[in-house]
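# Examining the three-dimensional arrangement
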Amino acid sequence: MADLQEKVALVTGAARYRGIGRAIAMRLAADGAHVVVCGRNRAPDTFPEHEKDMGWRGIDSVAEEVRAMGRRALAITADITRKDEVVAMIDSIKAEFGRLDIIVNNAGDASNAGSSPIFETDEAVWYNTMDVNINGVFLVSKWGGRFMQSCGNGGSIVMIASLAGRVGLVEYGAYCASKFAVIGFTQQLALELAKTGIRVNCVSPGSHSTDMMDGTIARTSEKYDLPDGALKEQLDNFIPMGRQGKVSELASVVSFVCSDDASYVTGQTINVDGGARLD
């Protein structure tokens, strides 16, 4: 396990029980970090049934899980596309912890991926996708990174992209473009911060078992009138390891690149995809 003792980590997009963000928050806490979890306000009646059944409360529930592991936690409701809310979030971290060592830019919008050809993509969907998937990443990296740099302890910024940021995919609308941008931004920021002790890397998930991925599969299946389970089976057969990834497997890679074990790794994009792509 990585040694993140007493580090302070910010994880955006961490409100879903089956989400990548929650898994990352839990792994960072298990490896010793105190964790700030950020998510947008979601009305409880929009929660998936499994969250409703368990009485899930979004980032508040994640923060409770972190505290149960003996770490400090702070839950912040914020829209990362709004500068004022991002600045207020960083100010809250400064007041609560006095430092910031890790930023994981996980928040993202699926943008009707799997069912949105470019010529049929609504402009509002395109702009919202870019706002969340790249503009929000810029704002959190800028204001969080400035505070991190002022602390003088180095640090790690991690972007969460997608295999859709590695290769163009038919009918993925704005999603591909936004995730390609995330990978380019990773490289640019890594070079700019290389001499400051702050490393910047990107983790690129393939197919993982999450509500977001379930939604993509459902949209594509509906568009092409595929029987239940058919597309999921095709995806599993496409992956050399023959299965979807677990969010815990992705989280372990994130924790590694945040740790001193990866102290000479920056500007890289690491695929976590069961061998689906080899670039």
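The preceding data block contains the structure.
Residues numbered from 1 in each chain as written. Predicted model: local features only at pLDDT ≥ 70, side-chain atom pairs only at ≥ 80, totals over all residues. Heavy atoms only, no water.

Moving on: the pattern of salt bridges. In total, this model carries 15 salt bridges according to the counting rule given. In this structure, Arg 57 and Glu 64 form a salt bridge, with 2.3 Å as the shortest nitrogen-oxygen distance. Classification of Arg 57 by relative accessible area gives partly exposed; the value is 40%. The closest approach of N and O atoms between Arg 99 and Asp 101, which form a salt bridge, is 2.7 Å. Look at Asp 101 and you get buried, because its relative accessible area is 3%. In this structure, a network of salt bridges that share partners links the residues Arg 18, Asp 211 and Asp 214. (Salt bridge = Lys/Arg side-chain N within 4 Å of Asp/Glu carboxyl O. Buried < 20%, exposed > 50% of the residue type's maximum accessible area, 1.4 Å probe, protein only.)

This brings us to the packing of aromatic side chains. According to the stated counting rule, one finds two aromatic pairs in the structure shown. Between Tyr 17 and Trp 56 the ring centres are 5.1 Å apart and the planes differ by 75°, which places this aromatic pair in the edge-to-face class. Placement of Tyr 17 in the loop between strand S1 (8-12) and helix H1 (20-30) and of Trp 56 in the loop between helix H2 (49-54) and helix H3 (59-68) is noted, with a sequence separation of 39 residues between them. Classification of Tyr 17 by relative accessible area gives partly exposed; the value is 29%. A relative accessible area of 8% means that Trp 56 is categorised as buried. Between Tyr 172 and Tyr 175, the aromatic rings sit 6.3 Å apart at their centres with planes inclined by 55°, giving tilted as the arrangement. For the cation-ring pair, Arg 42 lies above Phe 47, with the distance from its terminal atom to the ring centre recorded as 4.2 Å. If you follow Arg 146 out to its NZ or CZ, it ends over the ring of Trp 143, 4.8 Å from the centre. (Phe/Tyr/Trp six-rings, centres within 6.5 Å; stacked < 30°, edge-to-face > 60°. Helix = DSSP H or I, 4+ residues; strand = E, 2+ residues; numbered from the N terminus. Lys NZ or Arg CZ within 6 Å of the ring centre and 35° of its normal.)

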